Amino acid sequence: MTVRVQTAPFDAGAELTRFSAGAAAGGAGAVVSFTGIVRDLTPAPLLRLEIEHYPGMTERALGDIRDRACARWSLSGALIIHRHGTLMPQDPIMMVATAAPHRAAAFAAADFLMDYLKSRAPFWKKEVTATGTAWVSGKPEDEAALGRWD
Amino acid sequence: MTVRVQTAPFDAGAELTRFSAGAAAGGAGAVVSFTGIVRDLTPAPLLRLEIEHYPGMTERALGDIRDRACARWSLSGALIIHRHGTLMPQDPIMMVATAAPHRAAAFAAADFLMDYLKSRAPFWKKEVTATGTAWVSGKPEDEAALGRWD
Amino acid sequence: MTLEVLYFAWIRERIGLPRETVDTQAATVADLIAELSAREPRYAAAFSDPSAVRVAVDQTLSDIESPLEGAREVAFFPPMTGG
Amino acid sequence: MTLEVLYFAWIRERIGLPRETVDTQAATVADLIAELSAREPRYAAAFSDPSAVRVAVDQTLSDIESPLEGAREVAFFPPMTGG
């Protein structure tokens, strides 16, 4: 049940291999992973993405999100990795992985973790292009999505 | 849009790394993977799992399942790998991976691929223990699950 | 009409062979099952519970009512357990 | 009461500093926002659209009605964009 917040890049595949080996040894039959990737969608080419976070609250929020998932589903494992600092286009931003005896729980828990990460983890993204910078707006539907889990 | 049916083991992490790199270059913002793992749930310890398939129809069915997913969601990529032959406890059985601009499509498409694989791809599993062998029963709810996508 | 008939999983084991060439006038899958079941007890045993049997005609999932006209390959198997 | 007040993202940029120590008698988050907004235009600008501001009291997501009694740290930021 690992939570990591880091500036360093990570290799989602290597993380999945390590996570799955532990999950398989723990009796999991199903592993789901999600990886979020920096896209270049700005009008001018995206030079970089800067991610600010709230040290202290971030770790607390991610731990709380993970605990909610573990209370709701019987998971063999859960992993959250989220980067902050400067990221380049096509870099992985974050990943979650979940392991469970059956696939329905693994899928639902990964989906749940993502919904909570989107609007309950204190990260803010700023896009930097040659023509200027802009903070990414939070989407009202991201906050509304949490209603799915009530 | 790769489909592979093979007896050889595969490394889900290495596959995810390769798949994600291609997806990121193709503009994907979201990658979801599912890995199914051999569990030891038999009364006597599981010695091995033997997976039989229907050569020819398997490739056709997997290609059809992938085409349905690609027709339904705008995917940057889709991967299906399924083993047959002799597998050991904790071996990966199969994986799917999906890439899309947004996470909702990547999650839904991976879930869809798994539902179809479960009851529309001609594979049959036999559990071998020290005390005997038994074919794994198809679950009526697996066939019923396809109704979710009508 | 000559059909390649394939058997998988416990249906293959019960009948005792993976495939055979069958010369038949069966018009539908149901006719073919009736014809095979009449041959020998091992066939009758394999097909005794129709709800446990799935069929593919020319590698496409079909059902008991499916016509066999023009078909070359028919496969019988239990519900699939992929994934 | 002495509070550490933190600002993030465009709220930090608009106010021009990441954190400050504030001596206040504000009973609620709303009172604190009113007090800060009255200081200088840059604060007023940062808090001009309350629907765009989120608040955490002692690192727990809270809202404008939340009491500040016993609090040590209050953070203001736009809607989060993690994931």
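Quick caveat: nothing in here was measured; it's all calculated off a predicted structure. (Residues numbered from 1 in each chain as written. Chains lettered and ligands numbered in written order. Predicted model: local features only at pLDDT ≥ 70, side-chain atom pairs only at ≥ 80, totals over all residues. Heavy atoms only, no water.)

Caption draft 1: Spatial organisation of the relation of the copies chain A and chain B. Rotating chain A by 180 degrees and moving it 0.0 Å along the rotation axis overlays it on chain B with an RMSD of 0.0 Å. What the rotation and shift describe, once combined, is the action of a two-fold rotation axis. Within chain A, G13(A) has its C-alpha nearest the rotation axis, a separation of 1.9 Å. By residue overlap, the copies meet face to face through one surface: 100% of the interface positions of chain A are interface positions in chain B. (Least-squares fit on C-alpha atoms with pLDDT ≥ 70 in both. Contact = heavy atoms within 4.5 Å.)

Caption draft 2: Local environment of the interface of chain A and chain B. In this assembly, 32 residues from chain A lie in contact with 32 residues from chain B. Area buried by chain A at its contact with chain B is led by R39(A), R103(A) and F107(A), which between them contribute 27% of it. At the junction of chain A with chain B, the criterion picks out 2 salt bridges. On inspection of chain A and its partner chain B, the count reaches 11 residue pairs in polar contact (both at pLDDT 80 or more). Counted by class, the side of chain A that touches chain B contains 15 nonpolar, 10 polar and 7 charged residues. The pairing of strand β2 (residues 30-37) of chain A with strand β2 (residues 30-37) of chain B spans 7 bridges and is antiparallel. Bridge pairing in β2(B) places V31(A) opposite T35(B). (Buried area = accessible area lost by both parts, 1.4 Å probe. Salt bridge = Lys/Arg side-chain N within 4 Å of Asp/Glu carboxyl O. Polar contact = N/O pair within 3.5 Å; in protein donor to acceptor, adjacent residues only side chain to side chain. Nonpolar A, V, L, I, M, F, W, Y, C, P; charged D, E, K, R; others polar. Pairing = 2+ DSSP bridges. Helix = DSSP H or I, 4+ residues; strand = E, 2+ residues; numbered from the N terminus.)

Caption draft 3: Broad picture of the interface of chain B and chain C. Tallying the contact residues gives 26 residues for chain B and 22 residues for chain C. Of the roughly 1,900 Å² buried between chain B and chain C, counting both surfaces, carbon and sulfur atoms make up 54%. For R12(C), the salt bridge is made with E52(B), and the minimal N-O distance between the two is 2.5 Å. For the pair chain B and chain C, the number of links is 15 residue pairs in polar contact (both at pLDDT 80 or more). Counting only elements with at least two residues in the side of chain B that touches chain C, the list comes to β3 (46-53), α2 (57-72), β6 (92-100), α3 (103-120) and β7 (123-129) of chain B.

Caption draft 4: Spotlight on the arrangement of the chains. Most contacts, among the 3 pairs of chains that meet, fall between chains A and B. One finds no contact linking chain C with chain D; the least C-alpha distance across the pair is 28 Å.

Caption draft 5: Broad picture of the nonpolar core. Counting 66 residues, the largest nonpolar core has V96(A) and V96(B) as the members making the most contacts within it. In contact with V96(A), other than residues within four places in its own chain, are V32(A), S33(A), F34(A), L79(A), I80(A), A110(A), L113(A), M114(A) and L117(A). (Core = buried A, V, L, I, M, F, W, Y, C linked by side-chain atoms within 4.5 Å. Buried < 20%, exposed > 50% of the residue type's maximum accessible area, 1.4 Å probe, protein only.)

Caption draft 6: Broad picture of the packing of aromatic side chains. Summed over the entire model, instances satisfying the criterion amount to 26 aromatic pairs over all chains. Ring geometry for W73(B) against F112(B): centres 5.2 Å apart, planes inclined by 75 degrees, an arrangement best described as edge-to-face. Of the two residues, W73(B) sits in the loop between α2 and β4 (77-83) while F112(B) sits in helix α3, which places them 39 residues apart along the sequence. With respect to burial, W73(B) and F112(B) carry one shared label: buried. Sitting above the plane of the Y43(C) ring, R39(C) keeps its charged end 5.1 Å from the centroid. (Phe/Tyr/Trp six-rings, centres within 6.5 Å; stacked < 30°, edge-to-face > 60°. Lys NZ or Arg CZ within 6 Å of the ring centre and 35° of its normal.)

Caption draft 7: Fine view of the pairing of β7(B). All names here are of chain B. Judged by how many residues are buried, β7 sits mostly within the fold: 6 of 7 residues are covered. In the sheet, β3 pairs with β7 via 7 bridges, with the strands oriented antiparallel. The partner of R48 across the bridge, within β7, is V128. Note that β7 and strand β8 (residues 132-135) share 4 bridges and pair antiparallel. When the bridges of β8 are listed, E127 appears paired with A134. Hairpin connection of β7 to β8: 2 residues between the antiparallel strands.

Caption draft 8: Main features of the packing of α2(B) against α3(B). Residues and elements named next belong to chain B. For the pair α2 and α3, interaxial distance at closest approach is 10 Å and the crossing angle is 155 degrees. Between α2 and α3, the crossing angle belongs to the class labelled roughly antiparallel. Crossing geometry of α2 relative to α3 is assigned as right-handed. From α2, A61, L62, I65, R66, R68, A69 and R72 reach across to α3, where they touch F112, L113, Y116, L117 and R120. Across the contact of α2 with α3, the residue classes tally to 8 nonpolar, no polar and 4 charged. (Axes fitted to C-alpha atoms, helices over the stretch in contact; angles between N-to-C directions. Parallel < 35°, antiparallel > 145°, perpendicular 65-115°, else oblique. Left-handed = near helix turned anticlockwise from the far one by under 90°.)

Caption draft 9: The arrangement of the environment of A121(B) in detail. In this structure, A121(B) sits in the loop between α3 and β7. Note on A121(B): relative accessible area 0%, which makes it buried. Distance from A121(B) to I80(B), taken between C-alpha atoms, is 11 Å for residues 41 residues apart in sequence. Setting aside anything within four residues of it in sequence, one finds A121(B) in contact with A61(B), L62(B), I65(B), Y116(B), M80(C) and G82(C).

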